[in-house]
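Remarks on the overall topology
Listed below are the residues making up each chain.
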Amino acid sequence: MEFEVLRDSLVKILGVAPDEVTMQSSFSQDLGADSLDLYQVLLNAKEVFDLEIDTEKLQSLETVSQAVAYMKEMKRK
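Keep in mind it's a predicted model, so treat the numbers as computed, not measured. (Residues numbered from 1 in each chain as written. Predicted model: local features only at pLDDT ≥ 70, side-chain atom pairs only at ≥ 80, totals over all residues. Heavy atoms only, no water.)

Topic: the nonpolar core
Core analysis: the biggest nonpolar cluster contains 25 residues, and Leu 6, Leu 10, Phe 27, Leu 31, Leu 42 and Val 64 have the highest contact counts within it. Looking at this core, the elements that each hand over two or more residues are helix H1 (2-14), helix H2 (35-49) and helix H4 (64-76). Top contributing element to this core by residue count: H4, with 6 residues. Aside from chain neighbours lying at most four places away, what touches Leu 42 is Leu 6, Ile 53, Leu 58, Leu 61 and Met 71. (Core = buried A, V, L, I, M, F, W, Y, C linked by side-chain atoms within 4.5 Å. Buried < 20%, exposed > 50% of the residue type's maximum accessible area, 1.4 Å probe, protein only. Helix = DSSP H or I, 4+ residues; strand = E, 2+ residues; numbered from the N terminus. Contact = heavy atoms within 4.5 Å.)

Pasting the structure below:
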């Protein structure tokens, strides 16, 4: 479920095709996202899953799989 929410946000915010977003996708290299884009995407996830997002942690997330793992971790807290 986390992947689908993240993918849908990336599609909406970045204008990429859904099939371009995979677990291995790099936000900057593959999808062309910058830090503000990533922040917007994870703010959407925050609303959907009622998560607390650490803005410093956002800077270390480079791939979709890292972001999915981070969201799962935050859901457990």
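Here we look at the packing of H1 against H4
It is at 9 Å that the axes of H1 and H4 come closest, and there the two elements cross at 125 degrees. The angle between the axes of H1 and H4 places the two elements in the oblique class. Judged by the sense of rotation from one axis to the other, the crossing of H1 with H4 is right-handed. Listed contacts from H4 to Glu 2, Phe 3, Leu 6 and Leu 10 of H1 are Val 64, Ala 67, Val 68, Met 71, Lys 72 and Lys 75. (Axes fitted to C-alpha atoms, helices over the stretch in contact; angles between N-to-C directions. Parallel < 35°, antiparallel > 145°, perpendicular 65-115°, else oblique. Left-handed = near helix turned anticlockwise from the far one by under 90°.)

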